[in-house]
Amino acid sequence: GAGVSQSPSNKVTEKGKDVELRCDPISGHTALYWYRQSLGQGLEFLIYFQGNSAPDKSGLPSDRFSAERTGGSVSTLTIQRTQQEDSAVYLCASSLARRNNSPLHFGNGTRLTVT
Amino acid sequence: DQQVKQNSPSLSVQEGRISILNCDYTNSMFDYFLWYKKYPAEGPTFLISISSIKDKNEDGRFTVFLNKSAKHLSLHIVPSQPGDSAVYFCAVGGGATNKLIFGTGTLLAVQP
């Protein structure tokens, strides 16, 4: 069965450029999360979508970061004017329910390197 | 201010022995606790969970223990196998939050 799919798997970009990361969640999963993992760090929450509700953006580190979820399915995370500290693995996850006791299913991530 | 801490960045265990991974949290409002396992170049995969109404949950070789008064949970793997070598993250949720808060992970190496 199809899991969470993320693309690209790797992205190298120059400082100052914009990047878009894509996430295809598991079909039927209403909740979608973006996390990132910087080198030597844990998973840092970025943003959460649930159905048609307003997203929880409390984890976005700056206004250069934004995310959309179209049609309740595919999500894109956009980073504008990338900085070197944005280098990390960006992980998308989806789950069946809003309740936080529904396990998250993660994609394999996008490794972003800002040079 | 880290709300979830895994104080051991790494752990090495002999095959067949017990692996014990620890996790501490700060907020008593958390009521759901999970462990995830991560191999290199893959996303984390869900391993086992426990809710705050229990103090133990077992699934095969994996057992999670919760000590609410100490705000501490642990994952026991017995017997450990080389294929268990991975990074293990604890995660907590509950209260007013919809998100899971993850620890920094512990790299487990099981030596054959």
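Residues numbered from 1 in each chain as written. Chains lettered and ligands numbered in written order. Predicted model: local features only at pLDDT ≥ 70, side-chain atom pairs only at ≥ 80, totals over all residues. Heavy atoms only, no water.

## Let's talk about the interface of chain A and chain B
Working step 1: In this complex, chain A contributes 18 residues to the contact, which on the side of chain B involves 19 residues.
Working step 2: Buried surface at the junction of chain A and chain B, summed over both partners, amounts to about 1,600 Å²; 57% is from carbon and sulfur atoms.
Working step 3: Scanning the region where chain A abuts chain B turns up zero salt bridges.
Working step 4: On the surface where chain A and chain B come into contact, there are four residue pairs in polar contact (both at pLDDT 80 or more). (Contact = heavy atoms within 4.5 Å. Buried area = accessible area lost by both parts, 1.4 Å probe. Salt bridge = Lys/Arg side-chain N within 4 Å of Asp/Glu carboxyl O. Polar contact = N/O pair within 3.5 Å; in protein donor to acceptor, adjacent residues only side chain to side chain.)

## Details of a nonpolar patch on the surface
Working step 1: On the surface, Ile18(B), Ile20(B) and Val78(B) cluster together to form a nonpolar patch covering roughly 230 Å² of accessible area.
Working step 2: Secondary-structure assignment places Val78(B) in the loop between strand S8 (72–77) and strand S9 (86–94). (Patch = residues over 30% accessible without salt bridge, like charges linked within 9 Å, V, L, I, M, F, W, Y side chains within 5 Å. Areas by Shrake-Rupley, 256 points an atom, 1.4 Å probe, with all protein chains shown as cover. Helix = DSSP H or I, 4+ residues; strand = E, 2+ residues; numbered from the N terminus.)

## Quick notes on the pattern of salt bridges
All names here are of chain A.
Working step 1: Taken as a whole, this structure holds five salt bridges over all chains when the rule is applied.
Working step 2: Two residues, Asp24 and Arg22, come together in a salt bridge whose shortest N-O distance is 2.9 Å.
Working step 3: Arg64 is paired through a salt bridge with Asp86; the nearest N and O atoms lie 2.8 Å apart. A residue pair is termed long-range when its members are at least 10 positions apart, and Arg64 in the loop between strand S5 (43–50) and strand S6 (65–69) and Asp86 in the loop between strand S7 (75–79) and strand S8 (88–95) qualify at 22 residues. Take Arg64 and Asp86: they sit in the same class, and that class is buried. (Buried < 20%, exposed > 50% of the residue type's maximum accessible area, 1.4 Å probe, protein only.)

## A short note on the nonpolar core
Residue and element names in this part refer to chain B.
Working step 1: Ranked by internal contacts, the top residues of the largest apolar core, which has 24 residues, are Phe33, Trp35, Leu73, Leu75 and Tyr88.
Working step 2: When residues of this core are traced back to their parent elements, those giving at least two are strand S3 (19–25), strand S4 (32–38), strand S5 (45–51), strand S7 (62–67), S8, S9 and strand S11 (106–111).
Working step 3: The contacts of Tyr88, once residues within four sequence positions are left out, are Gln6, Leu21, Trp35, Tyr36, Lys37, Leu47, Leu75, Ile77, Gly105, Thr106 and Leu108. (Core = buried A, V, L, I, M, F, W, Y, C linked by side-chain atoms within 4.5 Å.)

## A closer look at the confidence of the model for chain A
Working step 1: Across chain A, the average pLDDT comes to 92, with 95% of residues at 70 or higher.
Working step 2: Per-element confidence in chain A is highest for S7(A), whose mean pLDDT is 98, and lowest for S5(A), whose mean pLDDT is 93. (pLDDT = per-residue confidence, 0-100.)

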